[in-house]
Amino acid sequence: MTDTKKSPQGEWSSHSAFIMAATGSAVGLGNIWKFPYITGENGGGAFVLVYLLCVALIGIPIMMSETLMGRRGRHNPVTTMESLTAEAKADEHWHYLGWMGIIAGILILSYYSVIAGWASAYVLKAFTGSFFDADAAAVKQLFADFIASPVQLAFWHTAFMLATMWIVKQGVNNGLEKALRWLMPSLFVLLILLVGYAMTTPSYFQGLHFLFTPDFSKLTGNSILTAMGQAFFSLGIGMGAVMVYGAYLPKKISITETVVVVSIADTVVALLSGIIIFPIVFSNGLQPDSGPGLIFETLPIAFGSMIGGWLFGILFFVMLVLAALSSSVALIEPAVAWLIETRGFNREKASLYAGSVTWLIGFASIFSFNSWSGFKIFGQTLFELLDYVTANLMLPIGGFAIAMFAGWIMVRGHSEQELDLPNPLTYQIWQLLIKYLAPAAVFLVFLDVVGVL
Ligand code: PFF
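Rules of the game
- Residue indices follow the written sequence of each chain, beginning from 1 at its first position.
- A pLDDT threshold of at least 70 governs which residues receive local features in this predicted model, and a stricter bar of 80 or more applies before side-chain atom pairs are shown or counted, although totals over entire chains, interfaces and linings include all residues.
- Calculated side-chain values reflect all of the structure's heavy atoms, with hydrogen atoms and water omitted.
- Strands are runs of DSSP state E lasting at least 2 residues, helices are runs of H or I lasting at least 4, and numbering of each runs from the N terminus.
- Our radius of gyration is a C-alpha quantity, and the globule rule it is checked against amounts to 2.2 Å times the number of residues to the power 0.38.
- Relative accessible area decides the class of each residue, using a 1.4 Å probe on protein chains only: under 20% of the type maximum gives buried, over 50% gives exposed, and in between gives partly exposed.
- Counted as salt bridges are all cases of a side-chain nitrogen of Lys or Arg within 4 Å of a carboxyl oxygen of Asp or Glu.
- In these notes, residues near a molecule or strand are those with any non-hydrogen atom within 4 Å of it.
- Polar contact is defined as a pair of N or O atoms within 3.5 Å, subject to the rule that within protein one atom must be able to donate a hydrogen and the other to accept it, and that residues adjacent in sequence are counted only when both atoms are side-chain atoms.
- Accessible areas in this description were obtained via Shrake-Rupley with a 1.4 Å probe; residue shielding takes into account the shown protein chains only.
- Residues are said to line a cavity or pocket when one of their atoms sits within 4 Å of a point; the points come from a 1 Å grid over protein atoms alone, cavities being sets where a 1.4 Å probe fits but cannot get out and pockets being open sets with protein on both sides within 12 Å along at least five of seven lines.
- Put plainly, a molecule is in a cavity or pocket when over half of its atoms are within 2 Å of the grid points there.
- Gly counts as polar in this scheme, as do all residues outside two lists: the nonpolar Ala, Val, Leu, Ile, Met, Phe, Trp, Tyr, Cys and Pro, and the charged Asp, Glu, Lys and Arg.
- Pairing of aromatic side chains here covers Phe, Tyr and the six-membered ring of Trp, requires ring centres within 6.5 Å, and sorts the geometry by plane angle: under 30 degrees stacked, over 60 edge-to-face, intermediate tilted.
- Placement of a charge over a ring requires the Lys NZ or Arg CZ to be within 6 Å of the ring centre, with the centre-to-atom vector within 35 degrees of the ring normal.
- For this analysis, a nonpolar core means a set of buried residues of the types Ala, Val, Leu, Ile, Met, Phe, Trp, Tyr and Cys, connected via side-chain atoms within 4.5 Å.
- It only takes one pair of heavy atoms within 4.5 Å for two residues to be counted as in contact.
- Grid points are joined across faces, edges and corners, and a volume is the space filled by probe spheres set on the points.

Draft legend 1. Molecular detail of the overall build of the protein chain. Helix and strand counts for the protein chain come out as 18 helices and 0 strands. Taking 22 Å as the expected radius of gyration for a compact globule of 453 residues, we find that the protein chain reaches 21 Å, a close match to that expectation. Taken along its principal axes, the extent of the C-alpha atoms in the protein chain is 65 × 50 × 40 Å. Counting every position in the protein chain, which comprises 453 residues, the buried fraction comes to 61%.

Draft legend 2. Spotlight on the pattern of salt bridges. The full count for this structure, using the stated rule, is 9 salt bridges. The partner of Lys-218 in a salt bridge is Asp-215, and the shortest N-O contact between them spans 3.6 Å. Looking at Lys-218, the relative accessible area reads 41%, which means it is partly exposed. Note that Arg-412 and Glu-416 form a salt bridge whose closest N and O atoms lie 4.0 Å from each other. Of this pair, Arg-412 and Glu-416 both sit in helix 17 (residues 412-419), separated by 4 residues, roughly a single helical turn.

Draft legend 3. The site of the ligand, seen in detail. Lining the immediate surroundings of the ligand are 14 residues, of which Ala-26, Gly-30, Tyr-112, Phe-233 and Ser-234 lie closest. Contact between the ligand and Ser-25: a nitrogen atom at 3.1 Å from a main-chain N or O atom of the residue. Within the backbone of Gly-30, a nitrogen or oxygen atom sits 2.7 Å from an oxygen atom of the ligand. With the chains in place, 100% of the 340 Å² that the ligand exposes on its own is no longer accessible. When atom positions are compared with the pocket grids, the ligand is found to occupy the largest cavity. Elements that contribute at least two residues to the shell around the ligand include exactly helix 1 (15-26), helix 2 (29-41), helix 10 (221-235) and helix 14 (309-343). Taken together, the residues of the shell around the ligand sort by class into 7 nonpolar, 7 polar and no charged.

Draft legend 4. Spatial organisation of the packing of aromatic side chains. By the definition in use, this model includes 32 aromatic pairs. Seen in terms of ring centroids, Phe-143 and Phe-296 are 5.7 Å apart; in terms of plane orientation they differ by 10°. Their pairing is stacked. Within this pair, whereas Phe-143 is found in helix 6 (residues 136-147), its partner Phe-296 is found in helix 13 (residues 294-305), the two being separated by 153 residues in sequence. Geometry around Phe-233 places Lys-34 over its ring, the cationic atom sitting 4.2 Å from the centre. Lying across the ring of Trp-408, Lys-435 places its NZ or CZ 4.8 Å from the centre.

Draft legend 5. Quick look at the nonpolar core. Counting residues in each nonpolar core, the largest one holds 161 residues, and the members touching the most others are Met-69, Trp-118, Phe-296, Phe-316 and Phe-317. Setting aside anything within four residues of it in sequence, one finds Trp-118 in contact with Trp-33, Phe-143, Phe-146, Ile-147, Leu-153, Pro-292, Phe-296 and Phe-369.

Draft legend 6. Geometry of the layout of surface pockets. As a volume, the largest pocket reaches approximately 300 Å³. What lines the largest pocket is a set of 15 residues, among which Glu-41, Thr-226, Gln-380, Asp-387 and Tyr-388 lie closest to the centre. Those elements giving two or more residues to the lining of the largest pocket turn out to be helix 2, helix 10 and helix 16 (382-409). Take the lining of the largest pocket: its biggest share by element is 5 residues, from helix 16. Of the residues in the lining of the largest pocket, the class split is 5 nonpolar, 6 polar and 4 charged. The computed volume of the second largest pocket comes to approximately 240 Å³.

Draft legend 7. Region of the structure containing the side chain of Thr-67. Residue placement: Thr-67 occurs in helix 3 (residues 45-73). Among the residues examined, Thr-67 registers a relative accessible area of 2% and is labelled buried. Excluding residues within four positions of it along the chain, Thr-67 makes contact with Phe-18, Val-242, Gly-246, Leu-249, Ile-255 and Val-259.

In structure tokens, the structure reads:
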């Protein structure tokens, strides 16, 4: 593998293009939809603290490893793992790591698209004035009626998957790059405006208190696992998406700098959305642990009562859908790159195949919110099970394996060269985190959940 080798899929056009694409992959429903509702379900402050620690100590070093492995391998996760394994003369079974990433991406996207479909439907609801002057009960009813309809969920899920497939067909650096350039800053500005609204609600400080005052009695083994899983999910690591994006990264760009910038942006967006949601929850006598519908049952109250709420409501849900799109293309890209590079498909056919499979699996989640809501495996609906298996198990296991590979298997000189850190000490700190701390932390959390600790 020489230094000048490029990915067959092309490269990002510039440093900022890669930062935008990686931020686009990281920032999505995970930050705005998932972070608040799982924080609500897991008791607030202590959960948030564990989440932040996981991002800093496990997430960032693993994201650096995943990017550098991708840039070195320059292909889809399976081919990349095969070439890295050959280069390091390691056991060939490592390529299963690439497989797990491809499968995790498809499984996550299958339900991600259903939720993105909810957000798309809410663009229309905002537009037609459904939230106007609506109180908490009306907004809750609106949501309950909506998810009770498999036909509506299927319609919006289909629309979202078609949009994803259409963008993926264009390739990594067409269209998406340009759209992200204005999307991310605008989303940020809108969130700040909504924080302004949250500050005017009577329970603003109660919301902040819930989010930032840790009560460790609320932490269980499972909530620690959920916090760790969320760090992986939100950064978009552990499943090969970052590996493929790294494959499109030109040699001269600093991996460390990029990863730190993306992680900070991702974390700030998640925290902002918590700062917006919880004051609305408490000010309207709602429960923080009401589950996946949380943002759909709270934000419309704000849009229905604030000045300019009609416009802000539309803008917010449009941006949420676009942020979800920039993540969904990352979720499917490992599978698409694999189909192109090893099966000789063109981009169009690859996105059609991978997208259709994902679309079909999505119906399991659609029905779990209505017709099959009573069907449970290990006490979980199909949607909950898919989310648990992917975010809480597959991503951390993938991350663990990435850390082990980058720390113990990869030729030291190669990781050193890819990271190109300013001094030997920073490289040693990274090595320490990746060889010992990150794998040990993931392992201990698993032990805790299975009850060994
Ligand atoms: N990080 C995305 C989010 O927070 O919404 C979800 C995601 C994207 C997960 C890409 C995994 C991934 F590879």
